[in-house]
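So you can see what is in the structure, the chains are spelled out below.
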Amino acid sequence: MKVFKFGGASVKDAAGVRNVAKVLSRYPDDDLLIVVSAMGKTTNALEEVVWANADGRDTQEPVHQLRARHAQVLAEVAPGDTGAVDALEASFRELQRSLAQRSSGDVDQDYDQVVALGEVWSTLIVAAHLRHAGLGCAWADARTVVRTDDLYRSARVDWSESARAAAAVLRPLLGAKPARIVTQGFIGRTANGETTTLGREGSDFSAAIFAYLLDAESVTIWKDVPGMFNADPKRFPDTKLLSHISYREAIELSYFGASVIHPRTLQPLQQKRIPLYVRSFIDPDAPGST
């Protein structure tokens, strides 16, 4: 089984969602677990909703804009999928309930309950489009698998509990041929059922978590860049695309401005020697980095 991760830039609009399906159609016989981030700038928008709610400011208009945007993309990529429409609306009702509830007294906890929903919305839309495009798939809530402590906004994974949850929730879905599971990055859940987030850039980490738990063949992070460079090309001239690099070298480079991959994403993969590929969703024929 392969783990694919698509970031927010890859699903920022209807064209992006359709392109994800085109990329996946290149792997018709592979078992895939597909980790998807929130669409475009949704996480930033939800953060603003959190701060507005904490300050007692109105949140109806930004929430309305988020609902309209996601509903429009869903209508474009999966017309007539009433089940997906209902699921999306139910998730927005969950958002409204979270905003209406009295504050927990911990702004980070309140943050996680709201911001995590961006990933839920995007995966509902991607899964609906894959079905519409004839690429059968199952949708899974990552919060039922990734168990964490209660360090909100930077939760730490409980690996043993997550392994048990993966066996119970994900293994049965791998019986389909080919198996395709769409799930979220960035989010998890505490032992008492509270939603948590893994910190910014947590979706890459989620892909590594799932790969570790399922002993995946590989992880591919699909990005809007050709691969991993030896430094940040936006900051340094004459950077070079790396065709192959060791885990250790990649971790070292990340501290010197090569910010494509966070070190914590590499560490669980290194433990099980699972290869990581960084490839372009714009040019999937390009070789990328290993």
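Preceding block: the structure.
**Brief notes about the side chain of Ser-10**
Next, step 1: Its place among the elements puts Ser-10 in the loop between strand 1 (2-6) and helix 1 (14-24).
Next, step 2: Looking at Ser-10, the relative accessible area reads 2%, which means it is buried.
Next, step 3: One polar contact links the side chain of Ser-10 to the main-chain carbonyl oxygen of Gly-7, over a distance of 2.6 Å.

**Focus on the layout of surface pockets**
Next, step 1: In this structure, the largest pocket encloses a volume near 960 Å³.
Next, step 2: Taken together, 32 residues make up the lining of the largest pocket; nearest its centre are Lys-5, Gly-8, Ala-9, Glu-201 and Lys-223.
Next, step 3: No other element matches helix 8 (residues 202-214), which puts three residues into the lining of the largest pocket.
Next, step 4: Here the lining of the largest pocket is composed, by residue class, of 11 nonpolar, 10 polar and 11 charged.
Next, step 5: Empty space within the second largest pocket amounts to approximately 350 Å³.
Next, step 6: Forming the walls of the second largest pocket are 17 residues, and the residues nearest its centre are Ser-98, Gln-101, Arg-102, Asp-110 and Gln-113.
Next, step 7: Mapped by element, the contributors of at least two residues to the lining of the second largest pocket are helix 2 (42-54), helix 4 (82-100) and helix 5 (107-115).

**Regarding helix 7 (residues 159-169)**
Next, step 1: Ser-162, Ala-165 and Ala-166 are the residues of helix 7 that are buried. One side of helix 7 carries all its buried residues, which in axial view fall inside an arc of 105°. Exposed and oriented more than 90 degrees from the buried face of helix 7 are Arg-164 and Ala-168.
Next, step 2: Residues of helix 7 that are buried sit in contact with helix 8.

Criteria and cut-off values
- Once a new chain begins, its residue numbering starts again from 1 and follows that chain's sequence as written.
- The model is predicted, so local features are restricted to residues of pLDDT at least 70 and side-chain atom pairs to those at 80 or more, both for listing and for counting; the totals for chains, interfaces and linings are taken over all residues.
- Excluding hydrogens and water, the side-chain figures rest on all heavy atoms present in the structure.
- Each helix is a run of DSSP H or I of at least 4 residues and each strand a run of E of at least 2, with the numbering of both proceeding from the N terminus.
- Burial here depends on accessible area, computed with a 1.4 Å probe over protein chains only, as a share of the maximum for the residue type. Under 20% is buried, over 50% is exposed, and the range in between is partly exposed.
- Identification of polar contacts relies on pairs of N or O atoms within 3.5 Å, with a donor-acceptor requirement for protein atoms, meaning one able to donate a hydrogen and the other able to accept it, and with residues adjacent in sequence counted only if both atoms are side-chain atoms.
- A 1.4 Å probe that fits into a set of points on a 1 Å grid over the protein atoms alone but cannot get out defines a cavity; an open set with protein on both sides within 12 Å along at least five of seven lines defines a pocket, and lining residues are those with an atom within 4 Å of a point.
- Grid points are joined across faces, edges and corners, and a volume is the space filled by probe spheres set on the points.
- Residue polarity is assigned by list, with Asp, Glu, Lys and Arg as charged and Ala, Val, Leu, Ile, Met, Phe, Trp, Tyr, Cys and Pro as nonpolar; anything else, Gly included, falls into the polar class.
- To be clear, the arc concerns the directions from the helix axis to the C-beta atoms.
- Working rule for contacts: check all heavy atoms of both residues, and any pair within 4.5 Å makes them a contact.

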